[in-house]
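Breakdown of the fold
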Amino acid sequence: MSRRQTVARRLRTIPTFLAVFTVLTLAFPVLAVAAAAVDVVRGIARRRPWVAVRMLGFAWVYFAAEVVGLLLMFAAWVFSGFGANRKRLIEWTFRTQAWWAATLLRTVGTLFRMRFEVEGDDVLAPGPIIVMMRHASIVDNLLPANFITIPHGIRLRYVLKRELLSDPALDVGGNRLPNYFVDRSAMRSRTEIEQVRTLADGLSSTEGVLIYPEGTRFTAEKRERALRRLENDEAVIARARRLRNLLPPRLGGPLALLDAGVDVVFCGHSGLGGFAQLGDIWAGGMVGRTVSVRFQRIPAASIPTGDDERAAWFYDRWQDIDDWIERTKEVAP
C-alpha cells in the first residue's frame, strides 16, 4: 500500500473518529436517557437485560480510547525526535497498544459483568512463540494483549485483516509496529504468505507472532461457505466437517509460520461464541458471561516437518480445541 493511499485513508478516518467522539460526548446525556428508556421497554416487553446503556457506554470509551491513543502516539513521534529515535518510538507505541487493549477489555468486563477464567498461561513465557488463536467475537481481539503481552511480557507481532485499517489507532500503531495487514482475498497468494512468514524472523525470547487461522469470526453461515470451498479437497473435508465451533483453518499463513521452528501456542476460548456482530450483543446474551480461555504450548521438536503431515497435525490440534469448547460451553444467566 502506497504512502499516498495511507495518508488519504488517515485524512478520512482520523477526522471521522474525532467528530464521532465529539458528538457522542456532547450528546451523551440525551443519548443515555434515550438508551435507558429503550432498555426499560425491552426489559418489560422481553425481559432483556439493559444493553443499550451498556453499548452506549462502551462506544464512548472506545472512541475516547481511540482519541487518547492517537494523541499518545503523536506525542511518542514528537518526543522520539519525529521518529528519529526508532527504539523509543517503538517502545512507547507498544505501551500505548497495551493501554488501549487493557482499557477496552476492562470496560467490556465491567459494563457487561463478564468474568474471565484462564488456564495454561504459565506456558506462555519465555518466547519465541507462534500463537494460533480462535476468532469468534469482536471481543476476542483484546485477549492476546491482556493475557499474553501484559502479564507475561511477550510482545506480539500480529497478522491482521486489512479491513482493520479503518480503525485509525490500529492503523497508526499497527503499521508502526512489526505487524502485517493481510489481504484476505489473496491469502493463498505467494506474496501474502511470504509476508506472513517474515513476521517470525528474528524473534527474541520476549516476542511472538499471533495469527487467527480461521481468517474471520465464526458464524454458522461462514462455516457452510468454508465447507463448500473445501468440497473438492478430499484430504481435509472430512476433518473440516467434524468441527462444530471453529471454522476450518486457512493453512497458508499458519503453516508458513511453522517454518520458524519455534514453539506453538494454541489459544481456545469458550463463552464468546455467538457474538460475532453488534446485533448478537444487542440480544443481551453477553451480559453476565463467564469466558474460559485455554493455552496449550507445543514444543517445536514435536511438530512434523512435511506440509501434508503438518496440515493433519494442525487439524488434530484444531479438533482438540473444538472438542474442549463443546465440553465447556456455558449458557448465560
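Below or above, wherever it landed, is the structure these notes cover. Bear in mind that the values here come from a model prediction, so they are computed numbers and not experimental data.

1. Quick look at helix 4 (residues 143-152)
With respect to burial, helix 4 is a largely interior element, seven of its ten residues being buried. The complete set of buried residues in helix 4 reads Leu143, Pro144, Ala145, Asn146, Phe147, Ile148 and Thr149. Gly153 sits one or two positions beyond helix 4 and adopts a positive phi of about 70°.

2. Focus on the nonpolar core
Trp100, Val131, Met286 and Phe295 are the most contacted members of the largest nonpolar core, which totals 52 residues. The contact partners of Trp100, leaving out residues within four places of it in the chain, are Tyr62, Ala65, Glu66, Leu142, Asp167, Ala169 and Leu170. In terms of nonpolar packing, the next biggest core, distinct from the first, is built from 35 residues, Ala200, Val209, Leu243 and Ile325 among them.

3. Notes on the sheet that holds strand 1 (residues 115-119)
An order of 1-7-6-2-5-3-4 is seen for the seven strands of this open sheet, with the pairing classed as mixed. A strand with exactly one partner marks an edge of an open sheet, and here the two such strands are strand 1 and strand 4 (180-182). The average undirected angle you get between the axes of adjacent strands in this sheet is 20°. Taken strand by strand, helix 11 (residues 307-328) contacts strand 1, strand 2 (129-133), strand 6 (263-270) and strand 7 (290-298), and its axis lies near 25° from that of strand 6.

4. A word on the packing of aromatic side chains
The final tally for this structure, using the stated rule, is 13 aromatic pairs. Ring geometry for Phe266 against Phe314: centres 5.4 Å apart, planes inclined by 65°, an arrangement best described as edge-to-face. On the criterion of sequence distance, the pair formed by Phe266 in strand 6 and Phe314 in helix 11 is long-range, its members being 48 residues apart. Exposure remark for Phe266: the relative accessible area of 2% places this residue in the buried category. Among the aromatic side chains, those forming a connected cluster through ring pairs are Phe17, Phe58, Tyr62 and Phe63. Sitting above the plane of the Trp282 ring, Arg42 keeps its charged end 4.1 Å from the centroid.

5. Observations regarding the packing of helix 3 (residues 86-111) against helix 5 (residues 168-176)
In the contact formed by helix 3 and helix 5, the axes pass within 9 Å of each other and the chain directions differ by 140°. The pairing of helix 3 with helix 5 is recorded here as oblique in orientation. The chirality of how helix 3 crosses helix 5 is left-handed. Touching Arg86, Leu89, Ile90, Thr93 and Trp100 of helix 3 are Ala169, Leu170, Gly173 and Arg176, all from helix 5. Here the contact of helix 3 with helix 5 is composed, by residue class, of five nonpolar, two polar and two charged.

6. A word on unusual backbone geometry
Omega for the peptide link from Ala125 to Pro126 comes to 0°, which places this bond in the cis form. The omega angle of the peptide bond from Gly127 to Pro128 is 0°, so this bond is cis rather than trans. With respect to the secondary-structure elements, Pro128 resides in the loop between strand 1 and strand 2. Even without being a glycine, Arg47 presents a positive backbone phi close to 55°. Tracing the chain through its elements places Arg47 in the loop between helix 1 (3-46) and helix 2 (52-79). Here the phi dihedral of Arg113 falls at roughly 50°; this positive angle occurs in a residue that is not glycine. Of note, Arg113 is situated in the loop between helix 3 and strand 1. Take Arg113: its relative accessible area is 52%, and that puts it in the exposed class.

Conventions adopted
Residues numbered from 1 in each chain as written. Predicted model: local features only at pLDDT ≥ 70, side-chain atom pairs only at ≥ 80, totals over all residues. Heavy atoms only, no water. Buried < 20%, exposed > 50% of the residue type's maximum accessible area, 1.4 Å probe, protein only. Helix = DSSP H or I, 4+ residues; strand = E, 2+ residues; numbered from the N terminus. Core = buried A, V, L, I, M, F, W, Y, C linked by side-chain atoms within 4.5 Å. Contact = heavy atoms within 4.5 Å. Pairing = 2+ DSSP bridges. Axes fitted to C-alpha atoms, helices over the stretch in contact; angles between N-to-C directions. Phe/Tyr/Trp six-rings, centres within 6.5 Å; stacked < 30°, edge-to-face > 60°. Lys NZ or Arg CZ within 6 Å of the ring centre and 35° of its normal. Parallel < 35°, antiparallel > 145°, perpendicular 65-115°, else oblique. Left-handed = near helix turned anticlockwise from the far one by under 90°. Nonpolar A, V, L, I, M, F, W, Y, C, P; charged D, E, K, R; others polar.

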